[in-house]
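Overview (structure and organization)
Single-letter residue listing:
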Amino acid sequence: MSFFEQIEPLKLAALAEFAAAPDFAALEQAKGAHLGPQGRFTALLKQLGTLPKEEKPAAGKLVNLAKVELEAALTARRTELELKAALPKDPTDFTLPGRRRPLGKLHPLTRVTEDIVRIFRKLGFAVADGPEIEDEYHCFDALNTPADHPARDSQDTFYLNLDRAVPGAAGAPPPQTGRMLLRTHTSSVQIRVMQGQPPPIRIIVPGRVYRRDNADATHNPTFQQIEGLYVDKHVTVGDLKGTVEFVFKELLGADVKLRFRPHYFSYTEPSFEIDFSSPMVRKMGKEWLELAGCGMVHPKVFANVGYDPEIWTGWAFGFGIERIAMLRYEINDIRLFYENDTRFLRQF
Ligand code: DAH
């Protein structure tokens, strides 16, 4: 076989072996067998010198082209093997959707609370805080609640076997009067804030409260309220109505209607209950839904915290956050908020 005739078959044999090498060791071995010092293709190169002078240039050119092709094939196979080594050993379906990290979210009650706080901030209200373990004085006496009022009954209030007063958020230690209890409303914080600073005052107080209620679709022994207190000179019921209407329209939509119905609270005079109407309430088969209590701060409350009732006027309100959230998200059972069932929480 002539020199020229040998080139192609040798090249093809080498290419086939390179392509078939199952791993790096096999590829190295194939490289040695063809291109190494004792390799078959190298042997062909060595024959080049024995050719007649006039054949050398053409033969050299062809052999070199073949060698370049072999080296390219080696590199290509090496890359292939590297890729293969990087792949997972188990069969993998790259068309499957990726695994997502579950994203956390705010609890619906937290969202409603934050929205309410944001709206009141627009009106210049600050957030105030107070203890959940409270004394009878701040929860009832200072709010002008009579000794025989049913809310003070141990049927309704959780009393504690504590003989020590818990300092309030406003800093001033409370007068040690009466028993310790779990606060039944956030109205106690009105007292603590007024004890701690002179008027004017513009605060809201989101917080947890406790009552001895059995849990059902609309009750739970612990729930959350927002209290509001505004104290200044010449404050009127008109200010109260305007503020409450602004807030609820921002919160629940412009198509809501509010109604102020006379009521009794010991710490406000006059007092009102705020009823609420909206397409959603009507969907629940009702015209009005009771939403909040409010009124003009009672002069005796001002006197109890050392504000002169001849100079200062104010309004206050309190409502349950769960009820707002139930309205907003059309939830029919309050207990769903506390069960931490992610099937429920994931919807918000
Ligand atoms: N404390 C009342 C309750 O828990 C709500 C309330 C009514 C708060 C009238 C107030 C108020 O500040 O003025 O039902």
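Reading guide: rules and limits
- Residues numbered from 1 in each chain as written.
- Predicted model: local features only at pLDDT ≥ 70, side-chain atom pairs only at ≥ 80, totals over all residues.
- Heavy atoms only, no water.
- Helix = DSSP H or I, 4+ residues; strand = E, 2+ residues; numbered from the N terminus.
- Rg over C-alpha atoms; globule rule 2.2 N^0.38 Å.
- Buried < 20%, exposed > 50% of the residue type's maximum accessible area, 1.4 Å probe, protein only.
- Near = heavy atom within 4 Å.
- Polar contact = N/O pair within 3.5 Å; in protein donor to acceptor, adjacent residues only side chain to side chain.
- 1 Å grid on protein atoms, 1.4 Å probe; cavity = no way out; pocket = protein on both sides within 12 Å on 5 of 7 lines; lining within 4 Å.
- Sits in = over half its atoms within 2 Å of the grid points.
- Nonpolar A, V, L, I, M, F, W, Y, C, P; charged D, E, K, R; others polar.
- Pairing = 2+ DSSP bridges.
- Contact = heavy atoms within 4.5 Å.
- Axes fitted to C-alpha atoms, helices over the stretch in contact; angles between N-to-C directions.
- Domains from an automatic or database assignment.
- Parallel < 35°, antiparallel > 145°, perpendicular 65-115°, else oblique.

What to know about the overall build of the chain
Looking only at helices and strands, the chain features 12 helices and 10 strands. At 42 Å, the chain has a C-alpha radius of gyration far larger than the 20 Å of a compact globule built from 348 residues. Oriented by its inertia axes, the alpha-carbon framework of the chain measures out at about 130 × 50 × 40 Å. Buried positions account for 43% of the 348 residues belonging to the chain.

A word on the site of the ligand
Near the ligand there are 15 residues, and of these Gln 190, Arg 211, Gln 225, Glu 227 and Tyr 267 occur at the shortest range. Here a nitrogen atom of the ligand sits 3.0 Å away from a polar atom, N or O, in the side chain of His 185. Ala 316 is positioned with one of its backbone polar atoms (N or O) 3.3 Å from an oxygen atom of the ligand. Because more than half of its atoms lie within 2 Å of the grid, the ligand is assigned to the largest pocket. Among the secondary structure elements, those contributing two or more residues to the shell around the ligand are α7 (187-196), β6 (222-232), β9 (289-297) and β10 (313-320). For the shell around the ligand, the per-class residue count stands at five nonpolar, eight polar and two charged.

Remarks on the pairing of β9
The buried count for β9 comes to eight of nine residues, which makes it a mostly enclosed element. Where strand β8 (residues 268-277) lies against β9, seven bridges are found, and the strand directions are antiparallel. Bridging from a neighbouring strand, Glu 273 pairs with Gly 293 of β9. Across five bridges, β9 lies against β10 in antiparallel orientation. When the bridges of β10 are listed, Gly 295 appears paired with Ala 316.

Overview of the sheet that holds β8
The sheet built from seven strands is open, its strands ordered β1-β5-β6-β10-β9-β8-β7 with mixed pairing. Two strands lie at the open edges of the sheet, namely β1 (126-127) and β7 (257-265), each paired on one side alone. With two bridges connecting them, β1 and strand β5 (residues 201-210) associate as parallel partners. Bridging across to β5, Ala 126 finds its partner in Ile 203. Packing of helix α5 (residues 108-122) onto the sheet brings it into contact with β1, β5, β6 and β10, and relative to β5 it is tilted by some 165°.

Quick notes on the domain arrangement of the chain
Partitioning the chain into domains gives domain 1 (3-86) and domain 2 (108-345). The gap between the C-alpha centroids of domain 1 and domain 2 is 89 Å.

Details of the packing of helix α1 (residues 3-20) against helix α4 (residues 56-86)
The contact between α1 and α4 brings their axes to 10 Å, and the two run at 5°. Here α1 is positioned roughly parallel relative to α4, judged by the angle of their axes. Contact with α1, carried on its side by Phe 3, Phe 4, Ile 7, Lys 11, Ala 14, Leu 15, Phe 18 and Ala 19, involves Ala 58, Ala 59, Leu 62, Val 63, Ala 66, Glu 69, Leu 70, Ala 73, Leu 74 and Arg 77 of α4 and no other residues of that element. Partitioning the contact of α1 with α4 into residue classes produces 15 nonpolar, no polar and three charged.

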